[in-house]
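# Examining the three-dimensional arrangement
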Amino acid sequence: MPITNQQVTEHAFLQPLYEDAYFPDHLLDEGRAILHRLCERIEAERPSDLAALYVLSRAATEEFNALEEKLEAAGSGIETVAREEIAEDFWFLATAYGFADVDVEEMIEPRNW
């Protein structure tokens with residue numbers, strides 16, 4: 001399903017991480033794919049409230065937790081900078097889809113990073 005929200009379509013997810021050689025691009029591409037899938041889920045399911053949004057975002061968080069293992073195997077990881085960037089992109093998505101009162105910490109719970 002293509003992403004239809006223009007603001008989201010033009011957003012460069014995880015861009016600051018691509019500028020840091022510590023993060024392998026091919027694994028950042030997987031992170032971007034997680035965020036794109038979250039967009040697709042939001043558009044397909046149209047969550048009616050924050051609780052429904054959190055269900056979708058937590059599934060994406062679990063995908064990032066799995067990606068963490070690949071990053072560690074490549075000598076990288078989801079550390080403070082990456083955590084903050086991922087959280088920022090989660091917040092961006094929530095607000096772009098009309099959830100101005102989102103709590104980013106709630107979006108990314110449970111998390112291992």
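I will try to describe carefully the structure that is included in this document. What you see is a predicted model, and the numbers here were worked out from it, not measured in a lab. (Residues numbered from 1 in each chain as written. Predicted model: local features only at pLDDT ≥ 70, side-chain atom pairs only at ≥ 80, totals over all residues. Heavy atoms only, no water.)

## Observations regarding the overall build of the chain
Each helix and strand counted, the chain has 6 helices and 0 strands in total. Taken from the N to the C terminus, the helices and strands of the chain come in the order α-α-α-α-α-α. Relative to the globule expectation of 13 Å for 113 residues, the C-alpha radius of gyration of the chain, 13 Å, shows essentially globular dimensions. Each of the three principal axes of the chain carries a C-alpha extent, and together these read 40 × 30 × 20 Å. (Helix = DSSP H or I, 4+ residues; strand = E, 2+ residues; numbered from the N terminus. Rg over C-alpha atoms; globule rule 2.2 N^0.38 Å.)

## Re the packing of aromatic side chains
The full count for this structure, using the stated rule, is 3 aromatic pairs. Their ring planes at 80 degrees and their centres at 4.9 Å tell us that Y22 and F23 sit as a pair that is edge-to-face. Owing to a relative accessible area of 2%, F23 belongs among the buried residues under this scheme. Here F64 and F90 contribute two aromatic rings whose centre-to-centre distance is 6.1 Å and whose plane-to-plane angle is 55 degrees, an arrangement assigned as tilted. With F64 in helix α4 (residues 50-73) and F90 in helix α5 (residues 80-96), this pair connects stretches of sequence that are 26 residues apart. You can call F64 buried: its relative accessible area is 1%. (Phe/Tyr/Trp six-rings, centres within 6.5 Å; stacked < 30°, edge-to-face > 60°. Buried < 20%, exposed > 50% of the residue type's maximum accessible area, 1.4 Å probe, protein only.)

## Digging into the nonpolar core
One finds V8, F13, L14, F64, F90, L93 and M107 to be the most contacted residues of the largest nonpolar core, which totals 35 residues. Elements with a contribution of two residues or more to this core: α2 (15-18), α3 (25-45), α4, α5 and α6 (104-107). Discounting residues that sit within four places of it in the chain, L93 has contacts with V8, F13, L35, L38 and C39. (Core = buried A, V, L, I, M, F, W, Y, C linked by side-chain atoms within 4.5 Å. Contact = heavy atoms within 4.5 Å.)

## Things to note about the environment of G77
Checked against the element boundaries, G77 lands in the loop between α4 and α5. A sequence separation of 10 residues divides G77 from L67, and the C-alpha atoms of the two residues are 8.9 Å apart.

## Focus: the pattern of salt bridges
Counted under the stated rule, the structure contains 4 salt bridges. The shortest N-O distance in the salt bridge between R41 and E63 comes to 3.0 Å. In this pair, R41 is assigned in helix α3 and E63 in helix α4, connecting sequence segments 22 residues apart. The closest approach of N and O atoms between R58 and E106, which form a salt bridge, is 2.8 Å. With R58 in helix α4 and E106 in helix α6, this pair connects stretches of sequence that are 48 residues apart. Residue E106 is classed as partly exposed on the basis of its relative accessible area of 34%. Among the charged side chains, a salt-bridge network with shared partners connects R37, R41 and E63. (Salt bridge = Lys/Arg side-chain N within 4 Å of Asp/Glu carboxyl O.)

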